[in-house]
Amino acid sequence: MNKTMLCIELLQLLTTKNVQSKNELAEILETNPRNIIEYIKTLQDCGYDITSVKGVYGGYHLNKDSLLPTVQLKKEEIAVLKASCSFLEHQSDFLDYSSYVKAISKVLFTHTEAEAEPITIIDRFPLLMPKEEIKSRYESLSSAENLHYKCKISYLSTKNKSLQHVIHPYKIFVYNGSWVVLAWNETVNDFGYFKLNRIEDIELLSNRFQPLRTFNATDYIDGYGMKQNGKYIDIKVELKDLYTVISERKYGKNQKITRLDERTTLLECSMQNKDIIKSFVLGFGHKAKIIEPLWLKEEMEKELKEMLKKYEEAIK
């Protein structure tokens, strides 16, 4: 009889009496008493509550209040689970927080270790839209995605215009802290990205769409974001007194950070979207010097001239 079968039989024997000795169990199972110690340890590792009772009439006792094995967690694992509740409470991209807390509570129910210290989370630029509204939109689009229903949406463009689209939802994902749906847009006969917080209205239509057999999410989404959101542009920027700050994050593909001297750092990477690149560089102010590309230098010169003109007018 193999070890697994013997452990199962041992567990069954422990349910029949309150306390059973090592020798008694070994005799019934026709094995060496030393093996009983090993089998008990195996069952305990699996989560069964088996204790050793000392004394003349001692032996092993199985807690029969819960015959299913309990989750055995280390102190640091318990601390991480508890801390995760504090962390996720402040994440705008985590929708079903209450269900998560209930699930974690069930896992930790049998553990009495001290509470983990709560984590202080500050979301610098949180979405103004309530999480409940984002969740409602997510559930509607998720249902349409799973059942292949077309949706009619009113979408607020970057130019603050509300536009009507009929879309076929293919994939919902998180990008830079915002929920986005990748969908086929009947208006332009192509795939597009739609932020859930910019969707003003969703109507699930009665007609369904036939998913494209050639669709592959990796053609549109990768580890850096939305692949079809403009081509990647190589940039080189010199930054003064910002080595520590700039080396903390990854800003684009093929990123390379070179320390040229004690004060100067060269950042090289590939980024999408010219407006985003301009805003990124402008954020460093006078500490940034553009090396490449040429169009970015020219755009930045125009932008700075416009800014200077407005401030000069404001001061007069």
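Because the structure is a prediction, the values reported are computed rather than measured.

Colleague: Which parts of the structure should I look at to understand the pattern of salt bridges?
Modeller: Pairs can form between side chains of opposite charge once their charged atoms are near each other. As enumerated under the stated definition, the model contains 10 salt bridges in all. Salt-bridge contacts for Glu 133 lead to Arg 137; the nearest nitrogen and oxygen are separated by 2.9 Å. Remark: Arg 137 and Glu 133 occur in helix H6 (residues 131–147); sequence separation between them is four residues, near one turn of the helix. By sharing partners, the salt bridges in this structure join Lys 278, Glu 299, Lys 302 and Glu 303 into a single network.

Colleague: Would you mind showing me how to read the packing of aromatic side chains here?
Modeller: Think of a pair of aromatic rings as described by two things: how far the centres are apart, and how the planes are tilted against each other in angle. Taken as a whole and assessed by the stated rule, the structure comprises 12 aromatic pairs. Centre to centre, the rings of Tyr 170 and Phe 191 are 5.0 Å apart; their planes meet at 80 degrees, and the pair counts as edge-to-face. Linking Tyr 170 in strand S4 (residues 162–175) with Phe 191 in strand S6 (residues 190–195), this pair joins segments that are 21 residues apart in sequence. Under the relative-accessibility criterion, Phe 191 is labelled buried at 12%. A ring pair is formed by Phe 280 and Phe 284, whose centres lie 5.1 Å apart and whose planes are at 90 degrees; its orientation type is edge-to-face. The class of Phe 284 is buried, set by a relative accessible area of 17%. Here the aromatic residues Tyr 170, Trp 184, Phe 191, Phe 209, Phe 215 and Tyr 220 are joined through ring pairs into a cluster of three or more.

Colleague: In this structure, what is going on with helix H8 (residues 274–282)? I would like to understand it.
Modeller: At 3.6 residues per turn, the α-helix brings residues three or four places apart onto the same side. The complete set of buried residues in H8 reads Ile 277, Lys 278, Phe 280 and Val 281. In a view along the axis of H8, the buried residues occupy a sector of 160 degrees, so they form one face of it. Across H8 from its buried face, at more than 90 degrees, point the exposed residues Asp 275 and Ser 279. In this structure, the buried residues of H8 make contact with strand S10 (232–240), strand S12 (264–272), strand S13 (288–292) and helix H9 (294–315).

Colleague: Explanation requested: the side chain of Thr 31 in the structure shown.
Modeller: Residue position: Thr 31 is located in the loop between helix H2 (22–29) and helix H3 (33–45). A polar side-chain atom of Thr 31 sits 2.8 Å from a polar atom in the side chain of Asn 35. The contacts of Thr 31, once residues within four sequence positions are left out, are Ala 26, Ile 36 and Tyr 39.

Colleague: Before we go on, may I ask you to explain the sheet that holds strand S11 (residues 253–259) in this structure?
Modeller: By way of backbone hydrogen bonds, the strands of a sheet pair with one another, either parallel or antiparallel. One open sheet holds the four strands; their spatial order is S11-S12-S10-S13, and the pairing between them is antiparallel. Edge positions in the sheet fall to S11 and S13, since each of these pairs with one other strand and no more. Strand-to-strand, the axes of this sheet are offset by a mean angle of 20 degrees, without reference to chain direction. Where S11 meets S12, five bridges bridge the pair, whose relative direction is antiparallel. Considered in S12, the bridge of Thr 258 is made with Leu 266. Docked against the sheet, H9 engages S10 and S13, running at close to 140 degrees with respect to S13.

Colleague: Help me understand the sheet that holds S4, please; the structure alone is not making it clear to me.
Modeller: Across the sheet, five strands lie side by side as S6-S5-S4-S3-S7; this open sheet has antiparallel pairing. Among the strands making up the open sheet, the edge pair consists of S6 and strand S7 (199–208). Averaged over all neighbouring strand pairs, the angle between strand axes comes to 45 degrees, with direction disregarded. Direction of pairing for S4 relative to strand S5 (residues 178–185): antiparallel, over a ladder of eight bridges. Among the inter-strand pairings, Ile 172 is bridged to a residue of S5, identified as Val 181.

Colleague: Explain H2 here, please?
Modeller: Taken residue by residue, H2 has Leu 25, Ala 26 and Leu 29 as its buried positions. For H2, the angular spread of buried residues about the axis comes to 100 degrees, placing them on one side. Facing away from the buried surface of H2 by more than 90 degrees, the exposed residues are Asn 23 and Glu 27. On its buried face, H2 sits against helix H1 (3–14), H3 and strand S2 (59–62). Positioned one or two residues after H2, Glu 30 has a phi angle of 55 degrees, which is positive.

Colleague: Can you help me understand the nonpolar core in this one?
Modeller: Side chains that are nonpolar tend, in soluble globular proteins, to be buried together. Counting residues in each nonpolar core, the largest one holds 18 residues, and the members touching the most others are Ile 235, Leu 239, Phe 280, Val 281, Phe 284 and Leu 296. Secondary-structure elements contributing two or more residues to this core are S10, S12, H8, S13 and H9. Looking at which element gives the most residues to this core, the answer is S10, with four residues. In contact with Ile 235, other than residues within four places in its own chain, are Leu 267, Glu 268, Cys 269, Met 271, Ile 277, Phe 280, Glu 292, Pro 293 and Leu 296. Of all hydrophobic cores here, the second largest spans 17 residues; its members include Leu 10, Leu 13, Leu 14 and Ile 40.

About the thresholds
Residues numbered from 1 in each chain as written. Predicted model: local features only at pLDDT ≥ 70, side-chain atom pairs only at ≥ 80, totals over all residues. Heavy atoms only, no water. Salt bridge = Lys/Arg side-chain N within 4 Å of Asp/Glu carboxyl O. Helix = DSSP H or I, 4+ residues; strand = E, 2+ residues; numbered from the N terminus. Phe/Tyr/Trp six-rings, centres within 6.5 Å; stacked < 30°, edge-to-face > 60°. Buried < 20%, exposed > 50% of the residue type's maximum accessible area, 1.4 Å probe, protein only. Arc of directions from axis to C-beta. Contact = heavy atoms within 4.5 Å. Polar contact = N/O pair within 3.5 Å; in protein donor to acceptor, adjacent residues only side chain to side chain. Pairing = 2+ DSSP bridges. Axes fitted to C-alpha atoms, helices over the stretch in contact; angles between N-to-C directions. Core = buried A, V, L, I, M, F, W, Y, C linked by side-chain atoms within 4.5 Å.

Everything listed is a geometric property; what it means functionally is a separate question.
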